[in-house]
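# Fold and contact review
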Amino acid sequence: MTVLALETSCDETAVAILRGRELLASEIASQIAEHEKYGGIVPEIASRNHLVQAPRLLERVARTGKIDMSNVDAFAATSGPGLASSLMIGASIAKALAIGVGKPYLAINHLEGHLLSPFFSDGAVKPNVSLIVSGGHTMLIRVHGLAGYELIGRTVDDAAGEAFDKVAKMLGLGYPGGPEIEKRARGGDPARFNLPRSMLDSENFSFSGLKTAVRYLLPKLGVIPNEREGSRIRSVDHLAPKRDQKSSGRSFAPPQDDSVILDDRVMNDLCASFQQAIVDILVRKTIAAARKYDVDLVTVSGGVSCNQELRRQLGAACARKGLEFKSAEPWLCTDNAAMIAFTASLRLQAGFESKVTEEIDPNLALA
Ligand code: KG4
Ligand code: ZN
């Protein structure tokens with residue numbers, strides 16, 4: 001069975017073809033550069049880009065996968081949650097192809113795509129407690145099996161990825177913020193700054209207090225945080241030259257613009273402390289849920305699950321409690337169409353199909 005899927009829920013255009021368990025092709029066109037100059041995602045620009053990119057990617061996956069549309073058994077697209085005008089592009093293309101070729105159409109929930117991505121390589125979905133951590137969502141789900149989901153807890157304010165992105169912006173780091181903070185955190189001390197871990201006894205999450213704590217800490221380090229435009233911070237190795245740098249001719253003169261110099265060590269320690277606070281919250285709540293609902297398996301997915309520290313610490317915590325742990329492979333963590341094609345193929349096998357009149361839903365719920 002061959003499934004072609006489109007994912008256009010936000011600022012990434014993605015198309016993939018899955019034949020059985022074999023991924024024939026998977027293409028992603030990122031729009032980060034298009035939105036960067038506006039300091040955030042502009043829906044109108046996102047949908048216009050999807051309209052340009054989707055036909056190009058369709059042509060490319062057909063070429064790479066050596067497939068003609070008439071060989072595809074079903075067409076799928078993300079139908080929510082996401083930006084309405086972006087969702088419409090992918091869904092309209094998939095519907096048009098399904099009608100044109102006379103094959104089924106499947107409307108797929110983006111979050112179900114993330115949720116099932118840890119099973120991509122082995123195919124069978126087992127009962128588990130699943131942590132979905134992305135730029136738009138942070139939730140714990142009790143998974144009974146395909147299409148059997150119960151919400152355990154969700155964020156009451158920012159998503160974990162959103163907290164990474166906002167703090168990175170305050171620190172003058174690039175977008176997306178998660179990978180930038182992770183890079184910095186590798187050389188930092190996670191115990192240097194004492195940052196809050198909110199709502200630890202609840203099944204829900206809250207990250208806005210943590211973000212605010214970083215904002216209040218910055219002036220004490222000599223930085224005036226600017227969340228809208230991003231803080232003007234320059235980071236240097238150390239303010240005093242090291243012995244082995246004396247001969248390098250490096251200049252430690254103050255910067256010519258009005259940016260603030262933040263010692264590299266302080267920056268790295270702050271990133272490590274912030275990352276550790278998020279990891280502590282995610283690990284603690286996930287393990288508590290797994291024990292409460294008495295499952296043997298814990299899964300993690302979504303963009304933030306690319307984070308190596310989260311994977312390592314959640315994996316270690318599961319091992320200590322005798323729980324099996326499965327994470328989506330790193331290339332499947334951030335938004336992609338392979339996870340949508342995989343979800344569609346499992347659903348198709350289980351007898352699900354959508355009407356071509358089914359609407360997109362920007363607030364589509366998973367459970
Ligand atoms: O799943 P995704 O691609 O999009 C949504 O559905 O939201 O997730 C994107 C989010 C961004 O907030 C990004 O900063 C975060 O995932 N992210 C990370 C890492 N890589 C991506 N967060 C922490 N560490 C990472 N290595
Ligand atoms: Zn996503």
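All of these numbers come straight from a predicted model, not from anything done at the bench. (Residues numbered from 1 in each chain as written. Chains lettered and ligands numbered in written order. Predicted model: local features only at pLDDT ≥ 70, side-chain atom pairs only at ≥ 80, totals over all residues. Heavy atoms only, no water.)

## Focus on the coordination of the zinc ion (ligand 2)
The coordination sphere of the zinc ion (ligand 2), as far as protein atoms go, consists of His110 (NE2), His114 (NE2) and Asp335 (OD), spread over 2.0 to 2.1 Å. What the 4 donor atoms of the zinc ion (ligand 2) show is an angle range of 95 to 138° at the metal, which sorts the shape as irregular. Site description for the zinc ion (ligand 2): donor spacing in sequence, H-x3-H-x220-D. Here His114 and His110 lie together in helix α4 (residues 110-116), a separation of 4 residues that amounts to about one turn. (Donors = N, O, S within 2.8 Å, 3.2 Å for Na, K, Ca; no water. Tetrahedral: all angles 85-135°; square planar, octahedral: opposite > 155°, others 65-115°. Helix = DSSP H or I, 4+ residues; strand = E, 2+ residues; numbered from the N terminus.)

## Some points on the packing of aromatic side chains
Following the criterion strictly, the structure yields 4 aromatic pairs and no others. The interplanar angle of 15° and the centroid separation of 6.1 Å between the aromatic rings of Phe205 and Phe207 together place this pair among those described as stacked. For the residue pair Phe205 and Phe207, the accessibility class agrees, reading buried in each case. Here the basic side chain of Arg347 rests over the ring of Phe352, its NZ or CZ set 4.4 Å away from the ring centre. (Phe/Tyr/Trp six-rings, centres within 6.5 Å; stacked < 30°, edge-to-face > 60°. Buried < 20%, exposed > 50% of the residue type's maximum accessible area, 1.4 Å probe, protein only. Lys NZ or Arg CZ within 6 Å of the ring centre and 35° of its normal.)

## Notes on the side chain of Ser198
Checked against the element boundaries, Ser198 lands in the loop between α6 (177-185) and α7 (208-220). By relative accessible area, Ser198 is classed as buried at 18%. Ignoring anything within four residues of it in the chain, the contact list for Ser198 reads Ser206, Ile281 and Lys285. (Contact = heavy atoms within 4.5 Å.)

## Quick look at the environment of Gln313
Following the sequence through the fold, Gln313 ends up in helix α9 (residues 308-320). With relative accessibility at 17%, the residue Gln313 sits in the buried group. Sequence separation of Gln313 and Val279 is 34 residues, and the distance between their C-alpha atoms is 7.6 Å. Once residues within four sequence positions are removed from consideration, Gln313 is found in contact with Gln276, Val279, Asp280 and Val283.

## Thoughts on the sheet that holds strand β12 (residues 324-327)
Spatial strand order, β8-β7-β6-β11-β12: 5 strands in an open sheet with mixed pairing. Of all strands in the sheet, those with a lone pairing partner are β8 (148-154) and β12, marking the two edges. Strand-to-strand twist across the sheet, computed as the mean angle between neighbouring axes with direction ignored, equals 20°. Pairing analysis gives 6 bridges linking strand β6 (residues 128-133) to strand β7 (residues 138-145), with the strands arranged antiparallel. Pairing of Ser130 across the sheet is with Ile141, part of β7. Lying on the sheet, helix α8 (residues 264-292) is in contact with β6, β7, β8 and β11 (297-301); it crosses β6 at an angle near 155°. (Pairing = 2+ DSSP bridges. Axes fitted to C-alpha atoms, helices over the stretch in contact; angles between N-to-C directions.)

## Notes on the pattern of salt bridges
Scanning the entire structure with this criterion turns up 15 salt bridges. The salt bridge partner of Lys126 is Glu324, with a shortest N-O separation of 3.2 Å. Pair noted here: Lys126 is in the loop between α4 and β6 and Glu324 is in strand β12, with a separation of 198 residues, a long-range link. The class for Lys126 is partly exposed, based on a relative accessible area of 39%. By relative accessible area, which is 35% here, Glu324 ends up partly exposed. In this structure, the salt-bridge partner of Lys166 is Glu162, at a minimum N-O distance of 3.3 Å. Here Lys166 and its partner Glu162 are both found in helix α5 (residues 160-170), 4 residues apart, which amounts to about one turn of the helix. Exposure remark for Glu162: the relative accessible area of 25% places this residue in the partly exposed category. Salt bridges linked by common partners bring Asp158, Glu162, Lys166 and Lys211 together as one network. (Salt bridge = Lys/Arg side-chain N within 4 Å of Asp/Glu carboxyl O.)

## A short note on the site of ligand 1
Around ligand 1, 20 residues are found, and the nearest of them are Gly135, Asp165, Gly178, Glu182 and Asp335. Between Glu182 and ligand 1, the recorded distance is 2.7 Å, taken from a side-chain N or O atom to a nitrogen atom. In this structure, Gly303 approaches ligand 1 through a main-chain N or O atom, which is 3.0 Å from an oxygen atom. Look at ligand 1: alone it shows 560 Å² of surface, and the protein chains cover 89% of it. Those elements giving two or more residues to the shell around ligand 1 turn out to be α4, α5 and α6. When residues of the shell around ligand 1 are assigned to their parent elements, the largest contribution, 4 residues, is made by α6. Partitioned by chemical class, the residues of the shell around ligand 1 number 6 nonpolar, 11 polar and 3 charged. (Near = heavy atom within 4 Å. Polar contact = N/O pair within 3.5 Å; in protein donor to acceptor, adjacent residues only side chain to side chain. Areas by Shrake-Rupley, 256 points an atom, 1.4 Å probe, with all protein chains shown as cover. Nonpolar A, V, L, I, M, F, W, Y, C, P; charged D, E, K, R; others polar.)

## Description of the sheet that holds strand β3 (residues 22-30)
Each strand in a sheet pairs with its neighbour through backbone hydrogen bonds, running either in the same direction (parallel) or in the opposite one (antiparallel). Taken in spatial order, the 5 strands make up an open sheet running β3-β2-β1-β4-β5, and their pairing is mixed. Of all strands in the sheet, those bounded by a partner on one side alone are β3 and β5 (105-109). Adjacent strand axes in the sheet meet at a mean angle of 20°, parallel and antiparallel pairs treated alike. Across 4 bridges, strand β1 (residues 2-7) lies against strand β4 (residues 74-80) in parallel orientation. Bridge assignment links Val3 to a residue of β4, and that residue is Ala74. Helix-sheet contacts for helix α3 (residues 84-101) involve β1, β4 and β5, and the interaxial angle to β4 is about 155°. Taken strand by strand, helix α11 (residues 338-349) contacts β1, β2 (12-19), β3, β4 and β5, and its axis lies near 135° from that of β1.

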